[in-house]
Protein chains: 4
Amino acid sequence: MTESGTTVDIKALLRAQHIETPSWAYGNSGTRFKVFAQQGVPRDPYEKIADAAQVHLFTGVAPTVALHIPWDRVDDYADLARHAREAGVGIGAINSNVFQDDDYMLGSVTHPDARVRRKAIGHLLECVDIMDETGSDTLKLWFSDGINYPGQDDIRARQDRLAEALDEVYARLGPSQRFLLEYKLFEPAFYATDVPDWGTAYAHCLRLGPKAQVVVDTGHHAPGTNIEFIVAFLLREGKLGGFDFNSRFYADDDLMVGAADPFQLFRIMYEVVRGGGYSADVAFMLDQCHNIEPKIPGQIRSVMNVQEATAKALLVDRAALAAAQSAGDVLGANAVLMDAYNTDVRPLLAELREEMSLHPDPMGAYAASGYGAKIVAERVGGAQAGWGA
Amino acid sequence: MTESGTTVDIKALLRAQHIETPSWAYGNSGTRFKVFAQQGVPRDPYEKIADAAQVHLFTGVAPTVALHIPWDRVDDYADLARHAREAGVGIGAINSNVFQDDDYMLGSVTHPDARVRRKAIGHLLECVDIMDETGSDTLKLWFSDGINYPGQDDIRARQDRLAEALDEVYARLGPSQRFLLEYKLFEPAFYATDVPDWGTAYAHCLRLGPKAQVVVDTGHHAPGTNIEFIVAFLLREGKLGGFDFNSRFYADDDLMVGAADPFQLFRIMYEVVRGGGYSADVAFMLDQCHNIEPKIPGQIRSVMNVQEATAKALLVDRAALAAAQSAGDVLGANAVLMDAYNTDVRPLLAELREEMSLHPDPMGAYAASGYGAKIVAERVGGAQAGWGA
Amino acid sequence: MTESGTTVDIKALLRAQHIETPSWAYGNSGTRFKVFAQQGVPRDPYEKIADAAQVHLFTGVAPTVALHIPWDRVDDYADLARHAREAGVGIGAINSNVFQDDDYMLGSVTHPDARVRRKAIGHLLECVDIMDETGSDTLKLWFSDGINYPGQDDIRARQDRLAEALDEVYARLGPSQRFLLEYKLFEPAFYATDVPDWGTAYAHCLRLGPKAQVVVDTGHHAPGTNIEFIVAFLLREGKLGGFDFNSRFYADDDLMVGAADPFQLFRIMYEVVRGGGYSADVAFMLDQCHNIEPKIPGQIRSVMNVQEATAKALLVDRAALAAAQSAGDVLGANAVLMDAYNTDVRPLLAELREEMSLHPDPMGAYAASGYGAKIVAERVGGAQAGWGA
Amino acid sequence: MTESGTTVDIKALLRAQHIETPSWAYGNSGTRFKVFAQQGVPRDPYEKIADAAQVHLFTGVAPTVALHIPWDRVDDYADLARHAREAGVGIGAINSNVFQDDDYMLGSVTHPDARVRRKAIGHLLECVDIMDETGSDTLKLWFSDGINYPGQDDIRARQDRLAEALDEVYARLGPSQRFLLEYKLFEPAFYATDVPDWGTAYAHCLRLGPKAQVVVDTGHHAPGTNIEFIVAFLLREGKLGGFDFNSRFYADDDLMVGAADPFQLFRIMYEVVRGGGYSADVAFMLDQCHNIEPKIPGQIRSVMNVQEATAKALLVDRAALAAAQSAGDVLGANAVLMDAYNTDVRPLLAELREEMSLHPDPMGAYAASGYGAKIVAERVGGAQAGWGA
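Residues numbered from 1 in each chain as written. Chains lettered and ligands numbered in written order. Predicted model: local features only at pLDDT ≥ 70, side-chain atom pairs only at ≥ 80, totals over all residues. Heavy atoms only, no water.

Going by what an unreviewed UniProt entry lists, chain A is known as L-rhamnose isomerase and is assigned to Acrocarpospora phusangensis.

Participant: Looking at this structure, I do not really get the relation of the copies chain D and chain A. What am I missing?
Facilitator: Related by rotation about an axis and a shift along that axis, the two copies of the chain form a pair. Expressed as a screw operation, the relation of chain D to chain A combines 0.0 Å of axial shift with a rotation of 180°, fitting to an RMSD of 0.0 Å. Taken together, the rotation and translation relating the two chain copies correspond to the operation of a two-fold axis. Measuring from the rotation axis to each C-alpha of chain D, the shortest distance belongs to Gly199 of chain D, at 2.0 Å. When the interface residues of chain D are mapped onto chain A, 100% of them again lie at the interface, so the same face is used by both copies. (Least-squares fit on C-alpha atoms with pLDDT ≥ 70 in both. Contact = heavy atoms within 4.5 Å.)

Participant: How should the packing of helix α1 (residues 7-15) of chain A against helix α12 (residues 346-355) of chain A be read in this particular structure?
Facilitator: Packed helices, taken two at a time, are described by their axes: the angle between them and the distance between them. Residues and elements named next belong to chain A. Across the interface, α1 lies against α12 with an axial gap of 11 Å and an inter-helix angle of 65°. Taken as axis vectors, α1 and α12 run roughly perpendicular relative to one another. Where α1 crosses over α12, the two elements pack in a sense that is right-handed. Across the interface between the two elements, Thr7, Ile10, Lys11, Leu14 and Arg15 from α1 touch Leu348, Leu349, Glu351, Leu352 and Glu355 from α12. (Axes fitted to C-alpha atoms, helices over the stretch in contact; angles between N-to-C directions. Helix = DSSP H or I, 4+ residues; strand = E, 2+ residues; numbered from the N terminus. Parallel < 35°, antiparallel > 145°, perpendicular 65-115°, else oblique. Left-handed = near helix turned anticlockwise from the far one by under 90°.)

Participant: Looking at this structure, how should I read the pattern of salt bridges?
Facilitator: Between side chains of opposite charge, a pair can form as their charged atoms come close. Enumeration according to the criterion identifies 130 salt bridges over all chains in this entry. Residues Lys34 of chain B and Asp102 of chain A are paired through a salt bridge, measuring 3.1 Å at the closest nitrogen-oxygen approach. Taken together, the positions of Lys34 of chain B in the loop between β1 (19-22) and α2 (45-59) and Asp102 of chain A in the loop between β3 (90-95) and α4 (114-134) put the pair across two chains. On the basis of relative accessibility, which here comes to 54%, the residue Asp102 of chain A falls in the exposed class. Of the charged contacts in the structure, one is a salt bridge between Asp72 of chain D and Lys48 of chain D, with a shortest N-O distance of 2.7 Å. A residue pair is termed long-range when its members are at least 10 positions apart, and Asp72 of chain D in the loop between β2 (64-68) and α3 (77-87) and Lys48 of chain D in helix α2 (residues 45-59) qualify at 24 residues. Here the two residues Asp72 of chain D and Lys48 of chain D agree in accessibility, since each one is buried. A single network of salt bridges, built from pairs that share partners, joins Arg32 of chain A together with Lys184, Glu187, Asp252 and Asp254 of chain B. (Salt bridge = Lys/Arg side-chain N within 4 Å of Asp/Glu carboxyl O. Buried < 20%, exposed > 50% of the residue type's maximum accessible area, 1.4 Å probe, protein only.)

Participant: For this particular structure, what's the right way to read the relation of the copies chain D and chain B?
Facilitator: Overlaying chain D on chain B yields an RMSD of 0.0 Å, the required transformation being a rotation through 180° with an accompanying axial translation of 0.0 Å. Interface overlap between copies: 100% of the residues of chain D at the interface are likewise at the interface in chain B, consistent with a symmetric, same-surface contact.

Participant: Can you walk me through the sheet that holds strand β1 (residues 19-22) of chain D in this structure?
Facilitator: Consider a sheet: its strands pair through backbone hydrogen bonds, and that pairing is either parallel or antiparallel. Residue and element names in this part refer to chain D. Strand order in the closed barrel made by the eight strands is β1-β2-β3-β4-β6-β8-β9-β10, with parallel pairing throughout. Each strand axis lies, on average, 30° off the axis of its neighbour in the sheet, ignoring direction. Relative to strand β10 (residues 283-286), β1 runs parallel, the two sharing two bridges. Paired with Ile19 across the two strands is Phe284, which belongs to β10. Against the sheet, helix α4 (residues 114-134) makes contact with β3 (90-95), β4 (138-141) and β6 (178-182), and its axis sits at roughly 155° relative to β4, the strand it touches most. (Pairing = 2+ DSSP bridges.)

So this is what it looks like as C-alpha cells:
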C-alpha cells in the first residue's frame, strides 16, 4: 500500500484495475499433438466478444478484449466495436500475426526475401488501420521469426531487417497510438529467435522512441529468469508497456496466470506497484490457452488470480519494508513481504465485489448463470474459432 | 575402438550399423503455431515407405522404417510389409498413439474414467496385433498422459492405472516381442507427466520383466540432464532398449540429431559402445520433425550425423583412456576422448560407402537423383500425410 | 485433511510434527566467493546443539538435531547425546562427509584408486559406529563424487565401485538402522555426478533392501523437475526415506525452505500427506545455509514455513478433491487444492502454539529472549564452526 | 574466411590472435565444499606472471595476463609490469573485487548503506590508479551484488545506486581507458542479482558512453540462452567489449573453455568473425577454475581450444554461406557451417606453430620442459595463492 495506505485506498485501486482478456482464449487451442475441441466455443469474433463480456460481467475488472488479426478479421470493424460496446466491453490491443501464412516459413519481417518482408510489413500496417477503425491505441507485435539451425540465416542481417520493419510501423503510428514489442526465448524457432529476450526488445524500442515499449509475456523466459527484476528495470527506464499474463512450469505452457507460481505473480505485481506502473499505461493483458479447461471459467479464474496477487501487492507495508531494508534486516524485510503474501485476500475481494454490485463469487455466479449451457446449445454448426481461424 | 581396434574393425562395425527412420518424418510436421506444408510429401504409408527406402538407398545403414498407428493404418499390413521389402527396407518398431482421440483429453491409460482407459489399452493391444502381422518385434509406448494443473488428478492413482495397463500389454507380448517405454519431461502435459523421467520408466520396466525396456528420446530431458549417464546406467542394468534420436536447444525441439550439440551425441555413442550396447538389441531410431527443411534430405543428413558420431566413438583409444583414467590424469583422459571427437571422420565414411558400393556423398547423390523433383511432380492431389493422418 | 478431518485432528497432526534441524546450519556458511562470518556462532558441537535447542524451545516441533561427521566429531558421543537430552533435544541423523579430505579430489567411494575408496568406506562405517553411540537410527549418505570432464573417468565403473561401497555399509547397519541415499544433479562435480537423480538412488536402494531409502533434497534437481511427482512415486514404492528441505531459485542455493516457491512446498507436503508419508518414517530434515541472515532465526522461520505448508496440506478437502478429479473437473479440482493453499493458516498455528504452551510468535519470542545477544557476548575467541570445522 | 580467404590469410589472422589468461587461474580454486590445494602453485603475483608466461611461451598467442585486485596487490605495480615484460608478457585487464570484504555481505556499490558504497567505489577508483601504473587500458567490473530473499532490498533502488557508482568510475577513466561491465545470472546472490543479464549491462553502458562496454562471460547465462545471438547483437550495437571464456554444463562451472560444448564455442567465434569483432577491441580473456586439473596445462589446453574454434570459424566459406542463406536453403546453409566445424584444424595449427618457431604440440612440449616439476620443487613454504589471497 502507499505509505498512508488503508483498506479503503486499496479497494479503490483494485476497483479501478483493468485486466484485458484475449479473444483467442475463447476459441479452441492445444499443442502440436492435438487440439481438443470444446463444445460451445465461438464461431466468429462477435461470439468471442460476447464471451469476453461475460468475464467482465462477473469480475467487473475485465472491461476490454484484445483482437488478433487475421483471426478476428471482420468486414466492418466499427460494427464490431459497436457490438463490443453494447456487450459492455471495449476493444483493447490489436495483435498482429505474421506467423501463419505459408510465406512465413523462414520468417516474416526478417525473412531473407524482400517480397516476404514487404508482405509482413503490409500486414502490420493493416493492423494500425484496424486500430484507427476500432479506436484501439495499442498494437502488440510478436515475431515468431527465427531460425532452427546454426547457419540457416545470418543472425545480424535479420536484426537489420527487423529494425527496418519496426521503423516503418513506428512511423505509421498516430499521435495517441503505441506498439508493444514482445520477446520470447524460443518456439516456434528452435535455434535463434530474432527477439529472444527483453534486452533485444528494449534496444529496439529505445532507438525508436516513446511510442515503442516492451511487453513482458510471463511465459517467455529462460528457466531461472527473475521476471520481476525485468519489470522493475523496464519501469525504471520508462519502457514497460504491459504484460501478457499466463503461467508455466516448463516452457511457454500458457497455463492460467497464477496457477504455477502464485508467489512469483505476487512479486511481479509488487514491482509494478512499487515502480509506479499500476496505471493505465502498463497494460495487464491475459494471453493463455485453455487446452483442457473450459474457456470462460478459465478466464474468470485467471482474472481473479491477477486480482488476488494485486491485492496482496497493495497490502505490502512499504514503510515497514523500507525500514527493514535500509537497516539491512534480511529476515525482517522478507517477513514484511511474506506477511502480505500470506494474507488471505479473498474476503477483501468478496467485499469489494459486493460494493461493485457483483456477486462475491464470480466462478459460482457464472456457473449458476446458465450461460455455459446456453452457448453449448446454441453454437451448433459453423466452424469453431481456434488459432487458425 | 576395441583395444585391438583397427580401421578395418571400425569399418566393419559401421557397415553393420542399423539406424531406423520413422514414417512420420516424411510427412508434414510443425508447431502449435503452424504446420508448413511441403511439396511432394507422401499421401499414405506406402509413399512414406518409398521415401524411407531412399534414405537407405543412399546411406546403406537405414534398413528399416518405424510405423505409427493410426497414422500408418492400412487394411493389409502384410501387404505393406511386402511393399517395404520390395522397396528394400523392413518394418521396424510399431509406435502406438493414444494422444489424438478426443477421448484422451485428460489422459489415456491413466485417465480417471475406466472406459477411456479400456479404449486406450485396446489400441495398444491392436498395435501388438500389427506387430504380429508385420513381423515387427518392438512396440514403442509413449504416453502423453499427464495433468496441467496441480490437483487436476491424483498423481499416484495415475501410476496405479499406468501399471495396470502396462501389465496387460506386457502379458500380450509374444516370445520374441518387447516393448520400449518412453519418458518425457513435459508436453503436451504442462504440470505433471505420468512418465516424466527415466527413473519412472525404469521402475515400471523392472517390475514387468525382460521384455520391457526403456527408450531414451534425446529431446525429453530437463535442461542440464546428462543423457550419457542415463545411457551408461541403463546399459549396466540391462534396461536400455533403444534411442529416439533428435536434437534440441530448448525443449523437445525435434531438430535433426547432431544439429544442436554434436559433442553430446558423440558422448552418448561412446557410452553405448563402451557399455556393449552397440548391437541389434539397442535400437537406434530417429524421431524428429523436419518443419522447415526438406524431409528426405533431412533424414539422410540425420543418419549421417549418427554415423559420424558412431565412427568417432569407435575411434576412441580405450586402452589409452583406461590408463589415463586409472592414473587420475584428468587432462590426459579428457584428451584421449577429444582426440577421437576432433578427428574428421568424413573421409573414413566416404571410403566405407565406396566399399559398400554407395556414393561417397549421400546428400549430393540424392540431390542428383531427381527423386525429390519426381515426387513433387507426381504427388499432386490427395491429403498430405502429417501427424493427424 | 483425512476425509473426516476436523481442525482438531489437524492440530493433533501438527502437534506431532517432527522437523529436524542440522548442526551445520548454526555455523558459518557461504559461497565459493566468500564466507561471511557472523557474530555469536558456535565454536563446537555442544554450542551448535544449544542453538538447535532454542529452535525447538520456540517452535515445539524441532526435537532433534542432525550431526555431520567430521564437523561434529567429539571424543565422547554419549556425552554429546546426554548434553543434547539435557538441552531438550535428541540426536537425529548422522551425516557422513567424504568430500573434504585431500584424498577425495577425484572421488571417494567411486575414486579410481582402491586405497581412497577403502578410506572413504572406513569413514562411512565410522559413522555407523557413531550411530550406535548416539542412538541415531539414520545415516545420511551424500556423495559429491563425480567428474568434471568427459572421459575423466569411466562412468560405469564408478557405478560398480559405488555399488560395492553401498553393499558394505548396508551390511554393517544394525536391525533398527537405515541409510538414506541422497542424489544431486551437480556441484561440486560439473560434468557427471555419480548419484545425479532419484532414479539412480532408487535403483541402488532397491537392490540393497528395506534399510536403504532415498532422501529428497529439494534443491538438487534440474530446472523444471516436478519434485512432488518424485515424492509421490517414491512413497508408492516404499522408498521415500525423508527430505532435506531448503529452497532455490537457480541451483542448490540452500535458501530457507519455503522462501523461493511456497506453493511448491505445499504441493510436496500434500503428496506426503496423501501418500501416507506423514509419519516418523519419512524424516523432515532441514539442510540449508544461512549465508547472510542470522542462523537461529533463519532456522525458526524455516521450521515455521514447513509447518505452514503442512497445515495447508492437511486442510485440503480430500473428499471434494477426489470427487472433482474423478469427474474430470479440471478447474474444480484445482480450486479445491488452491482453497487450502490460499488459506491463512497463521492463526491456526498461533492457536496450536498456545495450546502447546508456546508463544504464538516464535520469531518475536526468540528475539525478545535475549539469547542472540547473549551468544554474541559470550562466544568470543575460539574458532567459529563452519563447513570446514 | 573472408570471401577471398585462403589458408595463408587464415594463418595470418590466427598468428595475430591474442588470448589473455587470468592470474587467478594459476592459484588454487574450488567450490564451496572444498578447495583442493595443488603442489607448485604460485605464492605471489610475480610467480603467477611467471606461470602465465609459460602459457605464452608454448602457445604464442597468450601475450598478456589479467590481474585481480586485491589478490594481485603489490607495492610497486611498475615493478610488476617490468617483471611481466621481462618474462615475455604484458599486463592485461585489471579486475576489481568488491565481494570479499566483510562489509560487502549485503552488497558493494548497491549496498543500502552509503558508507559501504563509498568504500566499494573507492576500490574501483584504486583499480583505475593501478591501470595508470601498469599501463592497462581495461577495467573489468563484476558486481556480485544482489539479494537472496524477496523483499530483502529494493531492486530498483539498487539500480539507482549502481548507476551512481558507474558514473563516478566512468568519469575517472583516462582517454584511452575503458571498462567492461560483466553480467551474471546468479551466484553468489540467489534471488536477484543487480546485473543479471546482458540487457542490464547494455542499458547502463549505453547511457554512459563509448568507454563502457559489455563483457560476455560464457558461463553466466540462464539455461538455453543463445550466447552467439548476444554476441552478434552487441557487436551490431558496438557494445561488445570482450569475453570471459570458460565452459559449463550446469551453472557457472568455470570449466576449461571448449570442454563442455565445443560447437557452441565455434558458433560464438563465428559471430565474432562475421561481426567484425576479430580485432584488438574485443578482448578474448579466459576466466576459469582448474579445481582438479593442473593449472598451467589447463590454461594451455584452454588457449588451444579457443584457437581451434577460431580457426574453424575463419574457415567458414562465407560466400557459400551467404548464397545458401539468401536462397532459403536451410540444409545447405547449415552444411556450410558444419563443414568448417567438422574440419580437423589441428594440422593447420601445428603448421602455424612451426612457422612461429613453436613446438607443434604445446601440451607435450610443456610437459617435457620440466617446468611443472621445477615449481613443485621450488615453491615450498609460503602461502599458496587462491581466491582469498
